[in-house]
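Breakdown of the fold
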Amino acid sequence: MSKPRIESYKGPAAGWGALKAVGTHLSHSGAPLANVRALLKLNQPDGFDCPGCAWGDPEHGSSFEFCENGVKAVSWETTSKRVDDAFFERYTVSEMKRWDDYRLEDQGRLTRPMRFDRASDRYVPIEWSDALDLIADHLRALDDPDQALFYTSGKACNESAYTFQLLARLYGTNNLPDCSNMCHEASGVGLGEALGVGKGSVLLDDFERAEAIFSFGQNPGTNHPRMLGTLREAHERGCEVVAINTLKERGLERFADPQRKFEMLRGGSEAVSSMYLCPKLGGDMAIVRGMAKVVFERDALDHDFIARYTQGVDAYRAVVEATAWETIEAQSGLSRAEITRAAEIYIRSNATIICWAMGITQHEHSVASVREIVNLLLLRGNIGKPGAGTCPVRGHSNVQGDRTMGVNEKAPEWFFQALERYYGVSLKRGHGHDTVSAIRAMREGACRVFIGLAGNFARATSDSNVCEAALSSCNLTVHMSTKLNRSHLVTGRDALILPVIGRVETDAKADGTPQLITVEDSMSMVHGSAGIQRPASPMLRSEVAVICGIGERLLGSQVVDWMALAEDYDRIRDQIAEVIPGFSDFNRRVREPRGFWLGNPGARREFSTASGFAEFSSDPLPEAVLHQRLARETGWLTLQTLRSHDQYNTTVYGYDDRYRGVKGMRRVIFLNPNDIERLGLKDGQWVDLVGREEDGVPRRAEAFRIVSYDTPEGCAAAYYPETNPLIPLDSVGIKSNTPNSKSVAVRLAPSARLA
Ligand SMILES: Nc1nc2c(c(=O)[nH]1)N[C@H]1C(S)=C(S)[C@@H](COP(=O)(O)OP(=O)(O)OC[C@H]3O[C@@H](n4cnc5c(=O)[nH]c(N)nc54)[C@H](O)[C@@H]3O)O[C@H]1N2
Ligand SMILES: Nc1nc2c(c(=O)[nH]1)N[C@H]1C(S)=C(S)[C@@H](COP(=O)(O)OP(=O)(O)OC[C@H]3O[C@@H](n4cnc5c(=O)[nH]c(N)nc54)[C@H](O)[C@@H]3O)O[C@H]1N2
Ligand SMILES: [Mo]
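Nothing here was measured: the structure is a model prediction, and the numbers come from that model.

A few points about the overall build of the chain
- Summing up its helical and strand segments, the chain has 33 helices and 31 strands in all.
- A compact globule built from 755 residues should have a C-alpha radius of gyration of about 27 Å, and the chain, at 25 Å, falls within 12% of that.
- Dimensions of the chain, computed from C-alpha atoms along their principal axes, come out at roughly 70 × 65 × 55 Å.
- The proportion of buried residues among the 755 residues of the chain is 65%.
- If you take every contact in the chain between residues at least 6 apart in sequence, the share linking residues at least 24 apart comes to 78%.
- Carbon and sulfur atoms make up 49% of the accessible area of the chain, which totals about 26,700 Å².
- Placing the 88 positive and 98 negative side-chain charges of the chain at their respective mean positions leaves the two points 4 Å apart.

Below, the structure written as structure tokens:
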């Protein structure tokens, strides 16, 4: 681990810094050669899908794209370290609860199923069949299937997601919370309302034709590194790239492409963006509103498109005209002149893509912001033409696919009917619990069994202490996982850790031939993936095998022949092909190079909204965004909780955040120098972060070091998940119910920790 220090980073994104980091990570994982081999197949048409992110794969050019964080994701999974029986004999659960996220996962891969033994406070081995019986017994013992929760993380592939939701629904519940509830839910809701489909409309090709690309609230240098290549190529051919980010993120400023040898040798790099705006947290809806104001004023509308395909433009025009520039400037923290310049770029462009991620979706008014983005695109007909459209940049590599497969606590009526028709059963309707309401339900005793398909529920959710108490009150908690994490330590009365095969590993049929799994990327491309490594332990099972094992014990094999599904995933895909639109001939099409495109009706200008038209919204700007509401009370700041360069969500690979200049530590809070002075603090000082406590729940995260940083006044930043205890469970987005992870009210208190 590096010595803790702050050291500003002068290089471009990627470049030599990335190559050096790759070397360090490969040697730490202890399996360098195997890793390299796995990597060479990374993202190739017949290879395996990188578990790193959901950015699309290019159709031409080199199919191997270098990506530092892809290497980290792969080497983390192919590590030679193992969590074995001796490990669990050595450490009690209480002891491991004191470890941080890095130390837990760094123990290596889980190797066999374990059951919590309360008397000894330890996990002890259990046979697979006993573990599956135990789950079925617990589920059968519930008074009502709605007392069970089936949580999915976006790591799960299509086949496990489909069987998991099928299991839940046939058992009798729609309680299918997923990580999407904390992530792009607002995009799904907003796009669904406006355009009829909750997914993005662009393909990678569109990036080659766009004349302007706007990126709102995302940090691709860390979280979607392969997107940087796309942005830079666009910029090189004269496309305007406008970055709108509260922080100056290096990846959005400059990028050195490790694929280009000459550039690397001369230490060169290229600019990625032509304009960079740094709004206050939550100020984006106001920016887009300001841009729309300019578009109306200059009559730069696509009148034909608006007349033919849309509804509601007059009401929208009225609300835009009624919004004062003073409000727009106050909420965004930007000047009218800056916003006008961005609008002029938008007006000059005949084909515009707008991308966004968590900086847009994790606020109270996120759904309204997504709709405002769509409004802006509609004004100039930027939906359903080449080089233009919406691009919510997804997180987990298969988070979009999991929803397509029916992991949805609010599944639409047609989906129930399709399942009923195919399986000849009748299913319960109604909404199940999402992530936040699942925590409330456990807290109230209404849910008593929690089963997690991948992920780290206890750490990823908001209000950590509240969530941990809720999980602990369950009869049974179960986690299908690859690595040890905090959720395993927050045990119900009974608790199981079920170790599964990871994506880099071969998942073989009984006869030894490999199974194929499938995933869907941000551009709705569905493709196959098969691992090449030997599984980390002979006792691992695939997610599908575990789910089907529970299914058979709980529901028998009359309706679904679970064991047949587990034997050959082609059979699962045949059922998906019958149930889910767009998947006909699934098994053949997914074996074509690069798979197939699910399509998006919006790209054809077909809108399956209630009216059949693309809908303008006319929401007023929020009365005030959080930083304005807090300004009146002294000492409060708005905190965004974000990712460092060395983490994948709750998986912490290391303690460096290279581009932000942080070495060897994670407990830092980035503050504007004026805030530091105003609050009578000093750069480098240690403080505790205190959240809102009006509801009587203490919310405190201890010992963070102040880092003076280029962030707007009143807007602080610190890493997730260490800051999750600060986010009140009820602080959620309107209509999305997503925790407001990018606008958390905090104040700073003296820390017991000394320098
Ligand atoms: N290496 C790596 N890759 C990942 C992940 C990972 O943890 N590590 N996570 C995956 C997942 S699940 C997801 S969802 C994505 C997340 O991808 P991102 O959305 O890029 O993730 P965050 O780190 O949360 O970054 C939020 C960015 O938005 C900016 N921002 C925050 N609030 C605002 C705001 O109000 N307005 C504006 N304009 N900007 C704002 C922040 O400064 C930051 O740059 O990445 C995926 N890929
Ligand atoms: N404060 C704050 N909170 C946030 C966010 C934020 O920006 N700020 N972001 C939110 C977002 S966008 C998301 S998507 C969620 C993420 O929420 P989750 O998806 O629940 O969390 P991860 O950290 O991705 O899960 C990591 C664990 O997954 C398991 N795992 C890894 N690979 C596999 C696999 O192949 N199979 C199986 N079965 N298990 C595997 C490992 O055991 C690992 O410990 O967090 C959310 N929480
Ligand atoms: Mo996410």
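So, the domain arrangement of the chain
- We note that the domain assignment places domain 1 (1-80 + 504-539), domain 2 (82-183 + 398-500 + 541-567), domain 3 (185-393) and domain 4 (626-750) within the chain.
- On the domain 4 side, the residues contacting the 23 residues of domain 1 number 17 residues.
- For the pair domain 1 and domain 4, the two sides together bury roughly 1,700 Å², of which 54% comes from carbon and sulfur.
- Of all residues in domain 1, Ile6, Tyr9 and Trp76 bury the most surface against domain 4, accounting for 30% of the area lost on that side.
- Summed over the shared surface of domain 1 and domain 4, the number is two salt bridges.
- Of the charged contacts in the structure, one is a salt bridge between Asp646 and Lys72, with a shortest N-O distance of 2.8 Å.
- Inspection of the domain 1/domain 4 interface yields five residue pairs in polar contact (both at pLDDT 80 or more).
- Where the side of domain 1 that touches domain 4 is concerned, the elements lending two or more residues are strand E1 (5-6), strand E2 (13-14), helix H1 (15-29) and helix H3 (68-77).

A look at helix H21 (residues 366-379)
- Spanning 14 residues, H21 covers 20 Å between terminal C-alpha atoms, matching the ideal 20 Å at 1.5 Å per step.
- Across the 14 residues that make up H21, a large majority, 14, are buried.
- One or two steps after H21, the chain reaches Gly381, where phi turns positive at roughly 65 degrees.

So, the nonpolar core
- Ile135, Leu139, Phe150 and Tyr162 are the most contacted members of the largest nonpolar core, which has 63 residues in total.
- Residues contacting Phe150, with those up to four places away along its chain left out, are Leu139, Phe164, Leu167, Ala168, Tyr171, Thr173, Asn175, Leu176, Pro177 and Ile451.
- Phe296, Tyr309, Val320 and Ala342 belong to the second largest nonpolar core, which has 52 residues in total.

Describing the packing of H1 against H3
- Remark: H1 packs on H3, axes separated minimally by 9 Å, with the N-to-C direction vectors making an angle of 0 degrees. Considering the angle they form, H1 stands roughly parallel to H3. Here Ala18, Ala21, Val22, His25, Leu26 and Ser29 of H1 lie close against H3, whose contacting residues are Glu68, Val71, Lys72 and Ser75.
- Across the contact of H1 with H3, the residue classes tally to five nonpolar, three polar and two charged.

Let's talk about the pairing of strand E30 (residues 715-719)
- Counting buried residues along E30, five of its five residues qualify, which places the element largely inside the surrounding structure.
- Here E30 shows no split at all, with Cys715, Ala717 and Tyr719 on one side and Ala716 and Ala718 on the other all buried.
- Of the strand pairs in this sheet, strand E23 (residues 636-642) and E30 are connected by five bridges, and their pairing is parallel. Paired with Leu639 across the bridge in E30 is Ala716.
- Bridging between strand E27 (residues 668-671) and E30 involves two bridges; their strand directions are antiparallel. Paired with Ile669 across the strands is Ala718, a residue of E30.

Observations regarding the site of ligand 1
- Looking at ligand 1, there are 30 residues lining it, with Asn245, Glu249, Asp284, Gln647 and Asn649 nearest.
- Gln640 is positioned with one of its side-chain polar atoms (N or O) 3.2 Å from an oxygen atom of ligand 1.
- The fraction of the free accessible surface of ligand 1 (910 Å²) that becomes covered by protein chains is 99%.
- The residue makeup of the shell around ligand 1, split by class, is nine nonpolar, 17 polar and four charged.
- The residue makeup of the shell around ligand 1 includes at least three contributed by each of domain 3 (185-393) and domain 4 (626-750).

Some details on the packing of aromatic side chains
- If you walk through the whole model with that rule in mind, you get 26 aromatic pairs.
- Plain terms: the ring middles of Phe150 and Phe164 are 5.5 Å apart, the flat faces sit at 70 degrees to each other, and that makes the pair edge-to-face. Remark: Phe164 occurs in helix H8 (residues 158-171) and Phe150 occurs in strand E7 (residues 148-152); sequence separation between them is 14 residues.
- Through successive ring pairs, a cluster of aromatic residues spans Phe87, Phe88, Tyr91, Trp99, Phe116 and Tyr123.
- Above the face of the Tyr276 ring, Lys248 is positioned so that its terminal group lies 5.5 Å from the ring centre.
- The ring of Tyr346 has Arg380 sitting right over it, with the charged end atom 5.9 Å from the ring centre.

About the criteria used
Residues numbered from 1 in each chain as written. Chains lettered and ligands numbered in written order. Predicted model: local features only at pLDDT ≥ 70, side-chain atom pairs only at ≥ 80, totals over all residues. Heavy atoms only, no water. Helix = DSSP H or I, 4+ residues; strand = E, 2+ residues; numbered from the N terminus. Rg over C-alpha atoms; globule rule 2.2 N^0.38 Å. Buried < 20%, exposed > 50% of the residue type's maximum accessible area, 1.4 Å probe, protein only. Contact = heavy atoms within 4.5 Å. Areas by Shrake-Rupley, 256 points an atom, 1.4 Å probe, with all protein chains shown as cover. Lys, Arg positive; Asp, Glu negative; His and termini not counted. Charge placed at Lys NZ, Arg CZ, Asp CG, Glu CD. Domains from an automatic or database assignment. Buried area = accessible area lost by both parts, 1.4 Å probe. Salt bridge = Lys/Arg side-chain N within 4 Å of Asp/Glu carboxyl O. Polar contact = N/O pair within 3.5 Å; in protein donor to acceptor, adjacent residues only side chain to side chain. Expected span 1.5 Å × (residues − 1). Core = buried A, V, L, I, M, F, W, Y, C linked by side-chain atoms within 4.5 Å. Axes fitted to C-alpha atoms, helices over the stretch in contact; angles between N-to-C directions. Parallel < 35°, antiparallel > 145°, perpendicular 65-115°, else oblique. Nonpolar A, V, L, I, M, F, W, Y, C, P; charged D, E, K, R; others polar. Pairing = 2+ DSSP bridges. Near = heavy atom within 4 Å. Phe/Tyr/Trp six-rings, centres within 6.5 Å; stacked < 30°, edge-to-face > 60°. Lys NZ or Arg CZ within 6 Å of the ring centre and 35° of its normal.

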